[in-house]
Amino acid sequence: MQTQALTRRFGDHVVVDHLDLTVAEGEVFGLLGRNGAGKSTLIKMLTTLLPPSSGSARVEGLDVVSEATSVRAAIGYVPQALSADGELTGYENLFVFASLYDIPRAERAQRIAEALAFMDLQDAAGRLVATYSGGMIRRLEIAQSMLHRPRLLFLDEPTVGLDPVARDTVWAHIRELRAKYETTIFMTTHYMEEAQALCSRFGILRAGKLVVCGSLVELRAASGQPGATLDELFAHYTGESAEAAGAYGETSHTRQSSQRLA
Ligand SMILES: Nc1ncnc2c1ncn2[C@@H]1O[C@H](COP(=O)(O)OP(=O)(O)OP(=O)(O)O)[C@@H](O)[C@H]1O
């Protein structure tokens, strides 16, 4: 995945500003930034949901504007907002996605069974999603997004609002996805612990600009702080601690999350 001077404006507000970013195949990339830094807007452009104002982006070698349909077939996307239907069972949700992704009828049942097994949801497959825990819903959403075996998966704050045990389970499944299917993962998170546990490279976005990009070792070297934690590097590059930067988002997302489960 590669962007060149990728830019998105809303009126006079430049939300993503001439962004040059490359994510290699098979990598787990963490996009970090304060609330409003432009992370979701960038993901929406890369997933073809929002057209760029200028610049370009290629995903799996395909242009996000002129080859949008092929890009959509090549990627999976788990948005921040709820993408599973609480009034359907887990199996039915997966069936809807299998149809949306045009998975051949003869293969649907097997793909769904495989996705349920991979995400440890077999026992809950026949239950309404409204009865699922937050962690189960997140796992179902990841299962939905990987049914068509995308090479690249976008996860927008995959564990927001989850308790530590549910978070660990989602982490384990993300790692397994990477190990078993060699899926490239592009994720955003406000949890530095999560980013450090999962990602091999990080990009820090500040007011739409990529202020730094690289591995933890490279970020440390670039900042001149060889012993810094990711949290400290985040503060260094954004001017605010991750905890403070995420506080509002955390509150609103936790609320969103509890509404999801209501
Ligand atoms: N459709 C829109 N119209 C106008 N402004 C928008 C629109 N979408 C996003 N913005 C603005 O763009 C900025 C970046 O928003 P974005 O959601 O990309 O940030 P983010 O880094 O994902 O934040 P968060 O961490 O809170 O999810 C914000 O100031 C937001 O208000």
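Everything quoted here is computed from the prediction, not taken from an experiment. (Residues numbered from 1 in each chain as written. Predicted model: local features only at pLDDT ≥ 70, side-chain atom pairs only at ≥ 80, totals over all residues.)

**As for the sheet that holds strand β2 (residues 13–22)**
Heads up, the condition is: One bridge is not enough; two strands pair if DSSP finds at least two bridges between them. Helical segments are the DSSP runs of H or I of at least four residues, strand segments are the runs of E of at least two, and each set is numbered from the N terminus. Residues are treated as contacting if the C-beta atoms built from their backbones sit within 7 Å of each other. The axes are straight lines fitted to the C-alpha atoms, using for helices just the contacting stretch, and the angles between their N-to-C directions are given from 0 to 180°.
Strand order in this open sheet of four strands is β2-β1-β4-β5, and the pairing throughout is antiparallel. Each having just a single partner strand, β2 and β5 (62–63) make up the two edges of the open sheet. Alignment of strand β1 (residues 2–10) against strand β4 (residues 54–59), held across four bridges, turns out to be antiparallel. Directly across from Gln 4, in β4, lies its bridge partner Ser 56. On top of the sheet, helix α1 (residues 39–46) reaches β1, β2 and β4; it is set at about 60 degrees to β2, its chief contact.

**A few points about the environment of His 173**
Among the secondary structure elements, His 173 is positioned in helix α6 (residues 164–181). Sequence-wise, His 173 and Arg 139 are 34 residues apart; in three dimensions their C-alpha atoms are separated by 8.0 Å. Excluding residues that lie within four positions of it along the chain, His 173 makes contacts with Met 119, Arg 139 and Ile 142.

**Focus: the packing of helix α3 (residues 90–100) against helix α5 (residues 134–145)**
Each pair of packed helices gets described by two things: the angle between the helix axes and the distance between those axes. Basically, it comes down to this: An angle below 35 degrees is read as roughly parallel, one above 145 as roughly antiparallel, one from 65 to 115 as roughly perpendicular, and any other as oblique. Handedness of each helix crossing follows the sense of rotation of the near helix against the far helix: counterclockwise by less than a right angle gives left-handed, clockwise gives right-handed. Following the grouping adopted for this structure description, the nonpolar residues are Ala, Val, Leu, Ile, Met, Phe, Trp, Tyr, Cys and Pro, the charged ones are Asp, Glu, Lys and Arg, and the polar ones are all others, Gly among them.
It is the contact of α3 with α5, at a shortest axis distance of 9 Å, that shows an interaxial angle of 25 degrees. As the angle between them shows, α3 and α5 are arranged roughly parallel. Where α3 crosses over α5, the handedness of that crossing is right-handed. Between α3 and α5, the contacting residues are Gly 90, Asn 93, Leu 94 and Phe 97 on the first element and Leu 140, Ala 143 and Gln 144 on the second. Of the residues assigned to the contact of α3 with α5, the class counts are four nonpolar, three polar and no charged.

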